[in-house]
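# Residue-level structural notes
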Amino acid sequence: MADVLEFTYEVSDEDFTRAGEASSDVKKKLKKLGVSPDVIRRVSIALYEGEINMVIHANGGIITIRISEDSITMILDDKGPGIPDVEKAMQAGYSTAPDKVRNLGFGAGMGLPNMKKNTDSIDIETKIGVGTKVTMVINL
Amino acid sequence: MTVNDVIKLLDATPLTCEDKLDTEVLSACGSDMMSDVLAFAKTKCVLLTGLCNPQVIRTAEMMDIVCIIFVRGKKPDEAMIELSRDMEIPLLATPHRMFSACGILYEQGLRGGTEHG
């Protein structure tokens, strides 16, 4: 594997049906690179949850993926409304998603807890009215 | 159990990826909440759902779901069928409702893959 591979994706908020395209592409790339199925599964779940969150709450944003010799880093950067209470948002079952999102099968308050569960570290920088940056790392 | 066995048990109609129906199935997950599927689905799992939108297929892709079974005769649209072909995930439609469909598979030995069955 090369020293560091980096990919960037722009996540649009216009079409919820397209949410997940970036995660899908990352999954394909990791498969091609020969990353272990367990790691691919964890990256896929964490990234897809994050991507869905960006579409639901933040009008889209930018995803950056860095793959190095010993880790995969996922950075999800948005200019959304920010998270007022991160501790609460991390609780399983806590959700602020609107009903239309629940009707699509999301918004059960499992996203952030599931992202935490599937990664080795998660860091959330958020500022009300400015945006949120979620950095997740999975060690290889 | 294979996807073909599931088809017979549930009187299901295969809608795509007919070449993938001999794939082995080890567990099942029945839910309309994709959030729960992302949190709890196990490996080599079939997904039974009454939800019919493209995110069901994307969720299944992320979780390596073996096949998706739409209950109560729900039919996916062309865009979903095309997406499932790209992802190589078979789609089935069964006339059974969620509770009955899950019960039939459970009765035949399929489990949820957790310590609670």
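Description of the structure in this document. (Residues numbered from 1 in each chain as written. Chains lettered and ligands numbered in written order. Predicted model: local features only at pLDDT ≥ 70, side-chain atom pairs only at ≥ 80, totals over all residues. Heavy atoms only, no water.)

## Overview of the interface of chain B and chain A
By a widespread convention, an interface's size corresponds to the accessible area lost as its parts come together. To keep it simple, the criterion reads: Contact between two residues is taken to exist if any of their heavy atoms lie within 4.5 Å; hydrogens are not considered. Buried area, as used here, totals the accessible surface that two parts lose on assembly, with accessibility defined by a 1.4 Å probe and the loss added over both. In what follows, salt bridge is the name for a side-chain nitrogen of Lys or Arg lying within 4 Å of a carboxyl oxygen of Asp or Glu. For the purposes of these results, a polar contact is taken to be a pair of N or O atoms within 3.5 Å, where, inside protein, one atom must be able to donate a hydrogen and its partner to accept one; residues adjacent in sequence count only when each atom of the pair is a side-chain atom. Elements are defined by DSSP. Helices are runs of H or I of four residues or more, strands are runs of E of two residues or more, and each kind is numbered from the N terminus. Each residue is assigned to one of three groups, with Ala, Val, Leu, Ile, Met, Phe, Trp, Tyr, Cys and Pro labelled nonpolar, Asp, Glu, Lys and Arg labelled charged, and all others, Gly among them, labelled polar.
Each partner contributes residues to the interface: chain B has 22 residues there, and chain A has 26 residues. Between chain B and chain A lies a buried interface of about 1900 Å² when both sides are counted; carbon and sulfur atoms form 55% of it. The tally of links from chain B across to chain A stands at two salt bridges. When the shortest N-O distance is used, the salt bridge between Asp64(B) and Lys27(A) registers 2.7 Å. Viewed at the interface, chain A and chain B are joined by 16 residue pairs in polar contact (both at pLDDT 80 or more). Elements supplying a minimum of two residues to the side of chain B that touches chain A: α2 (34-40) and α3 (54-62) of chain B. Along the lines of polarity and charge, the residues of the side of chain B that touches chain A split into 11 nonpolar, five polar and six charged.

## What about the pattern of salt bridges?
We apply this condition: Throughout, exposure labels follow a simple rule: accessible area from a 1.4 Å probe, protein chains only, divided by the maximum for the residue type, with under 20% read as buried, over 50% as exposed, and the rest as partly exposed.
Here the structure, examined in full by the defined rule, presents nine salt bridges over all chains. Taking the shortest distance from any N to any O, the salt bridge between Glu24(B) and Lys44(B) comes out at 3.4 Å. Of this pair, Glu24(B) sits in the loop between β1 (13-14) and β2 (27-30) while Lys44(B) is found in the loop between α2 and β3 (45-49), placing the two residues 20 residues apart along the sequence. The exposure class of Glu24(B) is partly exposed, given its relative accessible area of 40%. In this structure, a network of salt bridges that share partners links the residues Arg18(A), Glu21(A) and Arg58(B).

## Topic: the packing of aromatic side chains
Quick reminder of the rule: A pair of Phe, Tyr and Trp rings is counted when the ring centres sit within 6.5 Å of each other, with Trp represented by its six-membered ring. The angle between the planes then sorts it: under 30 degrees is stacked, over 60 is edge-to-face, the rest tilted. In this scheme, Lys NZ or Arg CZ marks a charge over a ring once it lies within 6 Å of the ring centre and within 35 degrees of the ring normal.
For the coordinates displayed, the defined rule picks out two aromatic pairs over all chains. Judged by centre distance (6.0 Å) and plane angle (75°), the ring pair of Phe16(A) and Phe106(A) falls under edge-to-face. Here Phe16(A), found in the loop between β1 (4-11) and α1 (21-33), pairs with Phe106(A), found in the loop between α4 (99-102) and α5 (111-117); they are 90 residues apart in sequence, far enough to count as distant. Note on Tyr48(A) and Phe106(A): the rings are 6.2 Å apart at their centroids and 75° apart in plane angle, and the pair reads as edge-to-face. On the criterion of sequence distance, the pair formed by Tyr48(A) in helix α2 (residues 37-57) and Phe106(A) in the loop between α4 and α5 is long-range, its members being 58 residues apart. Judged on exposure class, the residue Tyr48(A) and its partner Phe106(A) are both buried. Taken together, the ring pairs connect Phe16(A), Tyr48(A) and Phe106(A) into an aromatic cluster. Taking NZ or CZ as reference, Lys29(A) lies 4.8 Å from the ring centre of Phe7(A), over its face. The residue whose ring lies beneath Arg111(B) is Tyr106(B), and the NZ or CZ to ring-centre distance is 3.7 Å.

## Regarding the side chain of Glu49(A)
Threshold: Charged residues are defined here as Lys and Arg on the positive side and Asp and Glu on the negative side; His and the ends of the chain fall outside this count.
Tracing the chain through its elements places Glu49(A) in helix α2. In this structure, Glu49(A) is buried with no salt-bridge partner, the nearest side chain bearing the opposite charge being Lys117(A) at 8.5 Å.

## Some remarks on the packing of α3(B) against helix α4 (residues 78-87) of chain B
All names here are of chain B. Put simply, the test is: A fitted line through C-alpha atoms represents every axis, and for helices the fit uses only the stretch in contact; the resulting angles, taken between N-to-C directions, go from 0 to 180 degrees. Angular relationships are summarised with four words: roughly parallel below 35 degrees, roughly antiparallel beyond 145, roughly perpendicular across 65 to 115, and oblique for the angles in between.
Orientation of α3 relative to α4, taken along the N-to-C sense of each, is 10°, at an axis distance of 9 Å. With respect to their mutual orientation, α3 and α4 come out roughly parallel. Between α3 and α4, the residues in contact are Pro54, Ile57, Arg58 and Glu61 and Met80, Leu83, Ser84 and Met87, respectively. Classifying every residue of the contact of α3 with α4 gives five nonpolar, one polar and two charged.

All quantities given are derived from atomic positions and should not be read as evidence of function.
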